[in-house]
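Chain by chain, the residues:
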Amino acid sequence: MKTAGVLALQGDFEAHRKAVERAGGRAVEIRGRAGLERVDGLILPGGESTTMLRLLNLEQLFEPLREFGLRKPIFGTCAGAILLARAVSNPVQASLGLMDIDVERNAYGRQVDSRVTRLEDGQEAVFIRAPIIRRAGDGVRVLARYQGDPVWVEEGLHMAATFHPELSPVSDAHRLFLERL
Amino acid sequence: MPNFLDADFRVKVGLAEMLKGGVIMDVTNAEQAVIAEKAGACAVMALERVPSDIRKEGGVARMAPISKIREIQEQVSIPVMAKARIGHFMEARILEALKVDYIDESEVLTPADEEHHIDKRGFTVPFVCGARNLGEALRRIAEGAAMIRTKGEAGSGNIVEAVRHMRTIVREMKQITVLGREELVHTAKNLQAPLELVEFVHENGKLPVPNFSAGGIATPADAALAMQLGAEAVFVGSGIFKSSDPERFAKAIVKAATFYKDPAKLLEASEELGLGMPGLDISKLEEHELLQTRGW
């Protein structure tokens, strides 16, 4: 069985581990370079992207992650999607640039604007202080939309969701990610 | 009783999930908030004075001035929490209108109601509440708290009370898991907590909401200790901005919360730190000086 790594610097990495297990996969927590060599794909969880960036820099993980992404699939949700983007706004910050998407942070507002809702295709989606994908490049395929904006996208090896499929009882996204490993 | 499957409650708990493995730092102005965010805080807690100053200066401690909270909201992109007095549901309504991301109904501020906590179920904004034991934690959850933290002894720089409270909550949960179903009504009576929540703990061995630690965390080692004992994230109050080098302490504690299982990383985090905040011997405090006995 293939193994999904979950970046466990900060955020809802435990929820992702459980979501992978619910989808029939195996997950391990990754906190350093050594762990990356043992997994077939990586999940960048939700959480605070500024905190994760600070720890990625501190642990010199930024380049190893980018390099990992050239070879193996990465799936990012919310903060993870922000890390995968080509460009980030509100405020401008560094990102891995592994997907051709531009993302605006906290684009729906603050926590009182967070919600559990249904996407246009009927699947449940949990949005927590979520970002919005403001631009998706030509090579990006939109897998789901909400209020007209792309909220789940794929490009090449990678996938990004601006919501949290790991917080829903059933996650199509995790099942699909495991199939790609 | 909140319905844990209800969308509104899941959204409240959802933000607490995002804070896991992180450090929530007390700040009193935008400048401190920016230092906290740059150091890697996953959220900041806006308040008028840090707990050690409240302890020193006395007087009535209230919700932070709105202009300060706004200034902090404008300067950082991470969640901004703020404290309301125990039972002061109108401070909470004002903070909700201000769109703070979480409200801490906190014993650090002077209680507004000595009998009733805020009925947190009627709010859109999520609440965190302090607890010293399982009964207290479950009562707060019954009122709608979406996150629990140990009370510890705020502003003391002494981890002993946070350790006591985390150990107590974890031990009481473990004990409930081995009871027979028929023993749960009696347990609920003893804990003074709703049966449904005692049943949840019996079946799951944990609280239905995230369980964080607060009240006395002053060093990277303290943060790691709290995490080892079962905290899923930590609040640091006076420990950062009352230390000799706030920026360095903030970064070190963030690192410790992530690598709490890795002594080599904890050593790195603890290296080259100046002096931590001055600490207090809890046993030397008079009963009326304790903050943890506020609320029930």
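Computed from a predicted model, the values in this text were never measured in an experiment.

What counts as what
Residues numbered from 1 in each chain as written. Chains lettered and ligands numbered in written order. Predicted model: local features only at pLDDT ≥ 70, side-chain atom pairs only at ≥ 80, totals over all residues. Heavy atoms only, no water. Helix = DSSP H or I, 4+ residues; strand = E, 2+ residues; numbered from the N terminus. Rg over C-alpha atoms; globule rule 2.2 N^0.38 Å. Buried < 20%, exposed > 50% of the residue type's maximum accessible area, 1.4 Å probe, protein only. Contact = heavy atoms within 4.5 Å. Areas by Shrake-Rupley, 256 points an atom, 1.4 Å probe, with all protein chains shown as cover. Lys, Arg positive; Asp, Glu negative; His and termini not counted. Charge placed at Lys NZ, Arg CZ, Asp CG, Glu CD. Pairing = 2+ DSSP bridges. Axes fitted to C-alpha atoms, helices over the stretch in contact; angles between N-to-C directions. Buried area = accessible area lost by both parts, 1.4 Å probe. Salt bridge = Lys/Arg side-chain N within 4 Å of Asp/Glu carboxyl O. Polar contact = N/O pair within 3.5 Å; in protein donor to acceptor, adjacent residues only side chain to side chain. Nonpolar A, V, L, I, M, F, W, Y, C, P; charged D, E, K, R; others polar. Disulfide = S-S within 2.5 Å. Phe/Tyr/Trp six-rings, centres within 6.5 Å; stacked < 30°, edge-to-face > 60°. Lys NZ or Arg CZ within 6 Å of the ring centre and 35° of its normal.

### Focus: the overall build of chain B
Along chain B, the regular secondary structure elements total 13 helices and eight strands. Computed over its C-alpha atoms, the radius of gyration of chain B comes to 18 Å, within 12% of the 19 Å expected for a compact globule of 296 residues. Expressed as lengths along the three principal axes of its C-alpha atoms, the size of chain B is roughly 55 × 45 × 40 Å. The proportion of buried residues among the 296 residues of chain B is 61%. Within chain B, counting contacts between residues at least 6 apart in sequence, those at least 24 apart form 67% of the total. When the accessible surface of chain B is totalled, it reaches about 11600 Å², and 50% of it is carbon and sulfur. Within chain B, one finds 36 positive and 43 negative side-chain charges whose respective centroids are separated by 1 Å.

### Considering the sheet that holds strand β12 (residues 158–161) of chain A
Residue and element names in this part refer to chain A. One open sheet accounts for seven strands, arranged β2-β1-β3-β4-β12-β11-β10; its pairing is mixed. The open sheet terminates on both sides in strands that have one partner only, identified here as β2 (26–30) and β10 (141–146). Strand-to-strand twist of the sheet, defined as the mean angle between neighbouring strand axes without regard to direction, takes the value 20°. Contacts from helix α4 (residues 62–71) reach β1 (3–7), β3 (41–44), β4 (74–77) and β12 within the one sheet, and its direction differs from that of β3 by about 125°.

### Description of the interface of chain B and chain A
Listed by partner, the interface residues are 36 residues for chain B and 36 residues for chain A. Overall, the association of chain B and chain A removes approximately 2800 Å² of surface from exposure, summing both partners, and the carbon and sulfur fraction of that is 57%. Considering only the surface of chain B that becomes buried against chain A, Arg-10, Val-11 and Met-18 of chain B emerge as the three largest contributors, covering 24% of it. A salt bridge links Lys-99 of chain B to Asp-113 of chain A, with the shortest nitrogen-to-oxygen separation between them at 3.8 Å. Here chain B is connected to chain A by 20 residue pairs in polar contact (both at pLDDT 80 or more). Breaking the side of chain B that touches chain A down by element, the ones donating at least two residues are α1 (7–19), α2 (30–39) and α12 (246–258) of chain B. In terms of residue count, the dominant contributor to the side of chain B that touches chain A is α1 of chain B (nine residues). For the side of chain B that touches chain A, a count of residues per class yields 15 nonpolar, eight polar and 13 charged.

### So, the sheet that holds strand β6 (residues 101–104) of chain A
All names here are of chain A. Taken in spatial order, the three strands line up as β5-β6-β9 in an open sheet, and their pairing is mixed. For this open sheet the edge positions go to β5 (87–89) and β9 (132–136), each flanked by a neighbour on one side alone. Strand-to-strand, the axes of this sheet are offset by a mean angle of 20°, without reference to chain direction.

### Notes on the pattern of salt bridges
By the definition in use, this model includes 46 salt bridges over all chains. A salt bridge links Glu-14 of chain A to Lys-20 of chain B; the nearest nitrogen and oxygen atoms lie 3.5 Å apart. Residue Glu-14 of chain A is located in helix α1 (residues 13–22), and its partner Lys-20 of chain B is located in the loop between α1 and β1 (23–27); the two belong to separate chains. Judged by its relative accessible area of 24%, Glu-14 of chain A falls in the partly exposed class. Across the salt bridge formed by Glu-104 of chain A and Arg-134 of chain A, the nearest N and O atoms sit 2.7 Å from each other. Taken together, the positions of Glu-104 of chain A in strand β6 and Arg-134 of chain A in strand β9 put the pair 30 residues apart, joining distant regions of the chain. Members of the salt-bridge network, linked through shared partners, are Glu-14 and Lys-18 of chain A together with Glu-17, Lys-20 and Glu-232 of chain B.

### Some details on the state of the cysteines
Applying the stated criterion across every chain, the model contains zero disulfides over all chains. Distance from the sulfur of Cys-78 of chain A, which forms no disulfide, to the nearest cysteine sulfur (Cys-42 of chain B) is 14 Å.

### As for the packing of aromatic side chains
A full pass over the atoms with the stated rule returns nine aromatic pairs over all chains. Ring centres 6.4 Å apart and planes at 45° place the aromatic pair Tyr-108 of chain A and Tyr-146 of chain A in the tilted group. Placement of the pair is Tyr-108 of chain A in the loop between β6 and β7 (115–118) and Tyr-146 of chain A in strand β10, with a sequence separation of 38 residues. Residue Tyr-146 of chain A is classed as buried on the basis of its relative accessible area, which comes to 9%. In textbook terms, an aromatic cluster arises when at least three aromatic residues are bridged by ring pairs, as seen for Tyr-108, Phe-127, Tyr-146 and Phe-163 of chain A. Residue placement shows Arg-93 of chain B over the ring face of Phe-123 of chain B; its charged tip is 3.7 Å from the ring centre. Here the basic side chain of Arg-140 of chain B rests over the ring of Trp-296 of chain B, its NZ or CZ set 5.2 Å away from the ring centre.

Interpretation in functional terms is not warranted from these geometric data alone.
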